[in-house]
Amino acid sequence: MPMSPRRRILVTSALPYANGQIHLGHLVEYIQTDIFVRFQKLRGHHAIYLCADDTHGTAIMIRARAENRTEQDLIASMRQSHLNDFQGFQIDFDHYSSTDSPTNRRLCSELWTALRTAELITSREVRQLYDPVAGVFLADRFVRGTCPKCSASDQYGDTCEQCGATYTPTDLLNPKSTLSGATPVERSAEHLFLKLESLHAFLENWTQSSGVIPREVARYLLGNFLCDPLRDWDLSRPAPYFGFEIPDAPGHYWYVWFDAPIGYIAATSEWCDTHAESLDSWWRDATAEIHHFIGKDIIYFHTLFWPAMLHAAGLSLPTKVRIHGFLTVNGQKMSKSRGTFIMAR
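Quick summary incoming for the structure in this document. (Residues numbered from 1 in each chain as written. Predicted model: local features only at pLDDT ≥ 70, side-chain atom pairs only at ≥ 80, totals over all residues. Heavy atoms only, no water.)

As a further point, take the overall build of the chain. Helix and strand content of the chain: 9 helices and 16 strands. Relative to a compact globule of 345 residues, whose C-alpha radius of gyration would be 20 Å, the chain shows 20 Å and is just as compact. C-alpha atoms of the chain, sized along the principal axes, occupy 70 × 45 × 40 Å. Counting all 345 residues of the chain, 53% fall into the buried class. Long-range pairs, those at least 24 residues apart, make up 72% of the contacts in the chain between residues at least 6 apart in sequence. For the chain, the exposed area adds up to about 15,800 Å²; of that, 51% sits on carbon and sulfur atoms. (Helix = DSSP H or I, 4+ residues; strand = E, 2+ residues; numbered from the N terminus. Rg over C-alpha atoms; globule rule 2.2 N^0.38 Å. Buried < 20%, exposed > 50% of the residue type's maximum accessible area, 1.4 Å probe, protein only. Contact = heavy atoms within 4.5 Å. Areas by Shrake-Rupley, 256 points an atom, 1.4 Å probe, with all protein chains shown as cover.)

Here it is in structure tokens:
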């Protein structure tokens, strides 16, 4: 029986955030990804498993400030902790990077230039929630309140875990800052946006016809996002913010969800540098496969925002986006307050 052709398969897991330890919910994803990669290698295919620490954002800045150390010191210590946990569970990455790397900064600039060239970037003033006690604009995850769609309480500022609705923090009812407990106030600042609606036809065709994502996810996207004009995606944050400053917009920083997925490409580039391979052979070659393993809470980042960026930059789109649900304890999401939050170690 003839052997099947040797495939080239690039595989990623979602990047763990450098502000927290690896927990059991993380491990569900990394272990299943590791099994998939080991299986492909045993079949004789050229498979590589790449990942990185997700290191930017307000949470890192606030924690470093509270612990009286630099952000770089914090993310270096968390990186070692993450790697120790992964090693303890025999998760075997071919390369493990960081979104704070020089390689990622360079690639962020390249993709940004491509978006600028395609005239997909616009700017406008945004009213954003500001913590008057902590003295910072609040990222989505630092605001909790009541969902404006289903009235579920204690929901994050960007998405409701009960009904799946997405919104902006200013839409929340009875918002509170998780940093200080203060009631946020609204302040205005300039933000830079990706004009996502310009890519509506491409995204609808890709999500509904390519077979890259499960059919139920394609239906979810069609019924909740693609049924209406797509809102511009906010790609920047004003100072103070820990991240990469945007070269052509001083005082503005790329939002963490802009540079985090580009970390997949940066990790590939760093791996290629040590294995005499070409980055383009993985991210500009239709014969190479790209498989993302993610949780259902970040579906729209990986199936709308990320392919929009890749398409605009002329890079390869994912071959498969493999999506899993949440690990629950007694039917509920793991929770520190309920005493059901189980760390890897």
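Reading across from one edge, S7-S6-S8 is the order of the 3 strands in this open sheet, with antiparallel pairing throughout. Strand pairing shows two members of the sheet lacking a second neighbour, strand S7 (155–156) and strand S8 (173–177), which therefore form its edges. Of the pairings in the sheet, the one linking strand S6 (residues 143–146) to S7 comprises 2 bridges and is antiparallel in character. Its bridge partner lying in S7, Arg-144 is registered against Tyr-156. (Pairing = 2+ DSSP bridges.)

Note that Glu-71 resides in helix H3 (residues 71–88). Arg-65 is the oppositely charged side chain nearest to the buried, salt-bridge-free Glu-71, at an N-O distance of 7.0 Å. (Lys, Arg positive; Asp, Glu negative; His and termini not counted. Salt bridge = Lys/Arg side-chain N within 4 Å of Asp/Glu carboxyl O.)

Looking now at the packing of helix H4 (residues 102–117) against helix H9 (residues 299–313). Running from amino to carboxyl end, H4 crosses H9 at an angle of 75 degrees, the nearest separation of the two axes being 9 Å. When the axes of H4 and H9 are compared, the pair comes out roughly perpendicular. Touching Leu-111, Ala-114 and Leu-115 of H4 are Met-309, Ala-312 and Ala-313, all from H9. Across the contact of H4 with H9, the residue classes tally to 6 nonpolar, no polar and no charged. (Axes fitted to C-alpha atoms, helices over the stretch in contact; angles between N-to-C directions. Parallel < 35°, antiparallel > 145°, perpendicular 65-115°, else oblique. Nonpolar A, V, L, I, M, F, W, Y, C, P; charged D, E, K, R; others polar.)

This paragraph deals with the pairing of strand S4 (residues 121–131). Note: S4 against strand S9 (residues 185–194), 10 bridges, orientation antiparallel. Residue pairing across strands places Arg-124 opposite His-191, the latter belonging to S9. Both S4 and strand S5 (residues 136–137) contribute to a ladder of 2 bridges, which runs antiparallel. Bridging from a neighbouring strand, Tyr-130 pairs with Phe-137 of S5.

This part covers the pattern of salt bridges. Considering all chains together, one arrives at 15 salt bridges under this definition. One salt bridge in this structure joins Asp-34 and Arg-38, with 2.3 Å as the shortest N-O distance. Within this pair, Asp-34 and its partner Arg-38 are both found in helix H1 (residues 24–42), separated by 4 residues, close to a single helical turn. Residue Arg-124 pairs with Asp-232 through a salt bridge whose shortest N-O separation is 3.0 Å. Taken as a pair, Arg-124 in strand S4 and Asp-232 in the loop between helix H6 (215–224) and strand S10 (233–234) lie far apart in primary sequence, 108 residues in all. Arg-124 sits in the partly exposed class, given a relative accessible area of 39%. One connected set of salt bridges, linked through shared partners, spans Arg-63, Glu-67, Arg-69 and Asp-73.

Moving on, we get to the sheet that holds S9. Spatial ordering of the open sheet is given by S5-S4-S9-S10, a layout of 4 strands whose pairing is antiparallel. What marks the edges here is a single partner per strand, and that holds for S5 and S10.

As enumerated under the stated definition, the model contains 22 aromatic pairs in all. Plain terms: the ring middles of Tyr-30 and Phe-93 are 6.4 Å apart, the flat faces sit at 80 degrees to each other, and that makes the pair edge-to-face. Here the residue Tyr-30 occupies a position in helix H1, and Phe-93 occupies one in the loop between H3 and strand S3 (95–98), the gap between them amounting to 63 residues. Given the relative accessible area of 2%, Tyr-30 is considered buried. We classify Phe-93 as buried; its relative accessible area is 13%. Considering the side-chain rings of Tyr-264 and Trp-306, the 6.1 Å spacing of their centres and the 70 degrees angle between planes classify their relative orientation as edge-to-face. Of this pair, Tyr-264 sits in helix H7 (residues 256–275) while Trp-306 sits in helix H9, placing them 42 residues apart in sequence. In this structure Trp-306 comes out as buried when scored by relative accessible area, which is 0%. Taken together through their ring pairs, the aromatic side chains of Tyr-220, Phe-225, Trp-233, Trp-257, Tyr-300, Phe-301 and Phe-305 make up a single cluster. (Phe/Tyr/Trp six-rings, centres within 6.5 Å; stacked < 30°, edge-to-face > 60°.)

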